[in-house]
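So you can see what is in the structure, the chains are spelled out below.
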Amino acid sequence: DGISDWDSYFVEAEVEYEFLKDFQAEFEFRRVFNQDNTGNIQGTERWSRLRFNLSYDYKPIKGTLSARMGYQERFAQEGTDGSARNKWRYRLTYEYPIKNWKADPQFFTEYLQATSGQRSDEWRFGMATDLNLKTGRVSLRFFREDRVETNRTLYVLDMRYRLEF
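Computed from a predicted model, the values in this text were never measured in an experiment.

*Asks:* Break down unusual backbone geometry for me, citing the residues and quoting the values.
*Replies:* For Asp22, which is not a glycine, the phi torsion comes out positive at approximately 70°. In this fold, Asp22 is placed in the loop between strand S1 (8-20) and strand S2 (23-36). Classification of Asp22 as buried rests on a relative accessible area of 17%. At Asn151, a residue that is not glycine, the phi angle is positive and equals roughly 55°. By secondary structure assignment, the location of Asn151 is in the loop between strand S8 (136-147) and strand S9 (152-163). Owing to a relative accessible area of 71%, Asn151 belongs among the exposed residues under this scheme.

As structure tokens, this is what we get:
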């Protein structure tokens, strides 16, 4: 019943700043709660993540091509094995504009390079869309994640609402 039925949930805060035309810096803090009912350590895992990104937007004749590079540091806390999982992240996104359509499609690929802790690098391939509202943004994305060293594939459907002010 209630929130215990959720597999995982998180709260996130981020600050974004455009320091030059088409160049942005972003800082993000995320607090994550995972319900773990398998393995030796069970219960609610709690951990935090800090991430810093630099991105650049290029606008060719049609659409927007964005390149993002970031570093994330994950701090394991209660209920986890205590290992940090730090990664460099490289992402390319192309947003294709559709005339008279508010939710333009985005196509992306992302490479996550492990630097410590969980040593599996990851590739993500997906598509997404955002719908801007007066008070924020609704996002929907679907992607495939391939974990290189473990040969594991995940399919993720991510839905979120961002309050923007």
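*Asks:* Residue-level account of a nonpolar patch on the surface, with values.
*Replies:* A surface patch of nonpolar side chains, amounting to about 1,100 Å² of accessible area, comprises Tyr17, Phe19, Leu20, Phe23, Phe27, Phe29, Phe52, Leu54, Tyr56, Tyr58, Leu65 and Leu92. Listed by contribution, the elements that provide at least two residues to the nonpolar patch are S1, S2 and strand S3 (43-58). At four residues, S3 tops the list of elements feeding residues into the nonpolar patch. Within the secondary structure layout, Phe27 lies in strand S2. In this structure Phe27 comes out as partly exposed when scored by relative accessible area, which is 42%.

*Asks:* Run through the side chain of Thr64, naming residues and quoting values.
*Replies:* Counting through the fold element by element, Thr64 comes out in strand S4 (residues 64-76). You can call Thr64 buried: its relative accessible area is 18%. Apart from the residues within four sequence positions on either side, Thr64 is in contact with Asp57, Tyr58, Lys59, Thr93, Tyr94 and Glu95.

*Asks:* Got a sec to walk through the side chain of Asp146? Specific residues and values, please.
*Replies:* Position of Asp146 among the secondary structure elements: in strand S8. Classification of Asp146 as buried rests on a relative accessible area of 18%. One polar contact links Asp146 to Arg144, side chain to side chain, over a distance of 2.9 Å. Apart from the residues lying within four places of it in its own chain, the contact partners of Asp146 are Asp121, Glu122, Trp123, Phe125, Arg152 and Thr153.

*Asks:* Break down the packing of aromatic side chains for me, with residues and values.
*Replies:* By the definition in use, this model includes nine aromatic pairs. Look at Phe19 and Phe23: their rings are 6.1 Å apart centre to centre, the planes differ by 40°, and that puts the pair in the tilted class. A relative accessible area of 39% places Phe19 in the partly exposed class. Taken together, a centroid distance of 6.4 Å and an interplanar angle of 50° make the contact between Tyr94 and Tyr96 tilted. Connected via pairs of aromatic rings, a cluster forms that spans Tyr90, Tyr111, Trp123 and Phe125. In this structure, Arg30 is placed above the aromatic ring of Phe10, and the distance from its NZ or CZ to the ring centre is 4.0 Å. Over the face of the ring belonging to Phe108 we find Arg91, whose NZ or CZ atom lies 4.0 Å from the ring centre.

*Asks:* I'd like to hear about the environment of Phe143, residue by residue, with values.
*Replies:* Its location among the elements puts Phe143 in strand S8. Looking at Phe143, the relative accessible area reads 3%, which means it is buried. Each C-alpha atom, one on Phe143 and one on Thr109, is 9.0 Å from the other, the two residues being 34 residues apart in sequence. If we skip the residues at most four places from it in the chain, Phe143 touches Phe108, Arg124, Phe125, Gly126, Leu154, Tyr155 and Val156.

Criteria and thresholds
- Residues numbered from 1 in each chain as written.
- Predicted model: local features only at pLDDT ≥ 70, side-chain atom pairs only at ≥ 80, totals over all residues.
- Heavy atoms only, no water.
- Helix = DSSP H or I, 4+ residues; strand = E, 2+ residues; numbered from the N terminus.
- Buried < 20%, exposed > 50% of the residue type's maximum accessible area, 1.4 Å probe, protein only.
- Patch = residues over 30% accessible without salt bridge, like charges linked within 9 Å, V, L, I, M, F, W, Y side chains within 5 Å.
- Areas by Shrake-Rupley, 256 points an atom, 1.4 Å probe, with all protein chains shown as cover.
- Salt bridge = Lys/Arg side-chain N within 4 Å of Asp/Glu carboxyl O.
- Contact = heavy atoms within 4.5 Å.
- Polar contact = N/O pair within 3.5 Å; in protein donor to acceptor, adjacent residues only side chain to side chain.
- Phe/Tyr/Trp six-rings, centres within 6.5 Å; stacked < 30°, edge-to-face > 60°.
- Lys NZ or Arg CZ within 6 Å of the ring centre and 35° of its normal.

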